[in-house]
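If you want the building blocks of each chain, they are given just below.
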Amino acid sequence: MTSAEPEPEPQPEPGPEPESSGEPEPEPEPAPGAAGLSARDQDVLALERRGWPTPGLKERAIRERLGISPTRYYQVLNALLDDPKAQEHDPVTVNRLRRVRTARRSRR
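Keep in mind that what you see is a predicted model, and the values were worked out from it rather than measured. (Residues numbered from 1 in each chain as written. Predicted model: local features only at pLDDT ≥ 70, side-chain atom pairs only at ≥ 80, totals over all residues. Heavy atoms only, no water.)

### Considering the nonpolar core
Right, so step 1: Judged by nonpolar contacts, the single largest core of 17 residues is most densely connected at Val44, Leu45, Leu47, Tyr73 and Leu80.
Right, so step 2: Of all the secondary-structure elements, those providing two or more residues to this core are α1 (39–49), α2 (55–66), α3 (70–81) and α5 (91–107).
Right, so step 3: In contact with Leu45, other than residues within four places in its own chain, are Leu37, Leu77, Leu80, Ala86, His89, Asp90, Thr93 and Val94. (Core = buried A, V, L, I, M, F, W, Y, C linked by side-chain atoms within 4.5 Å. Buried < 20%, exposed > 50% of the residue type's maximum accessible area, 1.4 Å probe, protein only. Helix = DSSP H or I, 4+ residues; strand = E, 2+ residues; numbered from the N terminus. Contact = heavy atoms within 4.5 Å.)

Rendered as structure tokens:
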């Protein structure tokens, strides 16, 4: 063969489907480097990391991407700010939001 393309590897034949024991499957382990945060928590931090030109666009993105209300989003976000795993995952965003939260609390 003079072709430079490698031959595809043979695929294993599919076996029978494993039987379900009726018990819920355990939650998958967090992705490496995710600092033990759930996918939803990572998505919340990712949304907050981004700059938003208007509050309406951010609220729409919260509903569409996360499927939760903006009120619930801010409850989850506030809890994340106190979570050491979130600090480890995205220290820049978490520290910025902690400073904003502290400044707002001191104005009250």
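### Things to note about the pattern of salt bridges
Right, so step 1: By the definition in use, this model includes five salt bridges.
Right, so step 2: When the shortest N-O distance is used, the salt bridge between Glu48 and Lys58 registers 2.9 Å. Here Lys58 lies in helix α2 and Glu48 lies in helix α1, a separation of ten residues in the sequence. Each member of the pair Glu48 and Lys58 is classed as buried.
Right, so step 3: One salt bridge connects Asp82 with Arg101, and the closest N-O pair in it is separated by 2.8 Å. Of this pair, Asp82 sits in the loop between α3 and α4 (84–89) while Arg101 is found in helix α5, placing the two residues 19 residues apart along the sequence.
Right, so step 4: You can call Asp82 exposed: its relative accessible area is 53%.
Right, so step 5: Take Arg101: its relative accessible area is 16%, and that puts it in the buried class. (Salt bridge = Lys/Arg side-chain N within 4 Å of Asp/Glu carboxyl O.)

### Section: the environment of Leu81
Right, so step 1: Mapped onto the secondary structure, Leu81 falls in helix α3.
Right, so step 2: For the pair Leu81 and Arg98, spaced 17 residues apart in the sequence, the C-alpha separation amounts to 6.5 Å.
Right, so step 3: Beyond its immediate chain neighbours, meaning those up to four positions away, Leu81 contacts Val94, Leu97, Arg98 and Arg101.

### What to know about the packing of α1 against α3
Right, so step 1: Running from amino to carboxyl end, α1 crosses α3 at an angle of 95°, the nearest separation of the two axes being 10 Å. As judged from the angle between their axes, α1 and α3 are roughly perpendicular. On the side of α1, the interface is formed by Arg40, Asp41, Val44, Leu45, Leu47 and Glu48, while α3 contributes Arg72, Tyr73, Val76, Leu77 and Leu80. (Axes fitted to C-alpha atoms, helices over the stretch in contact; angles between N-to-C directions. Parallel < 35°, antiparallel > 145°, perpendicular 65-115°, else oblique.)

### Regarding the packing of α3 against α5
Right, so step 1: It is the contact of α3 with α5, at a shortest axis distance of 10 Å, that shows an interaxial angle of 105°. By the angle class used here, α3 and α5 are roughly perpendicular. Side by side, α3 and α5 meet where Leu77, Asn78 and Leu81 of the first sit next to Val94, Leu97, Arg98, Arg101 and Arg105 of the second.
Right, so step 2: Considered class by class, the residues forming the contact of α3 with α5 number four nonpolar, one polar and three charged. (Nonpolar A, V, L, I, M, F, W, Y, C, P; charged D, E, K, R; others polar.)

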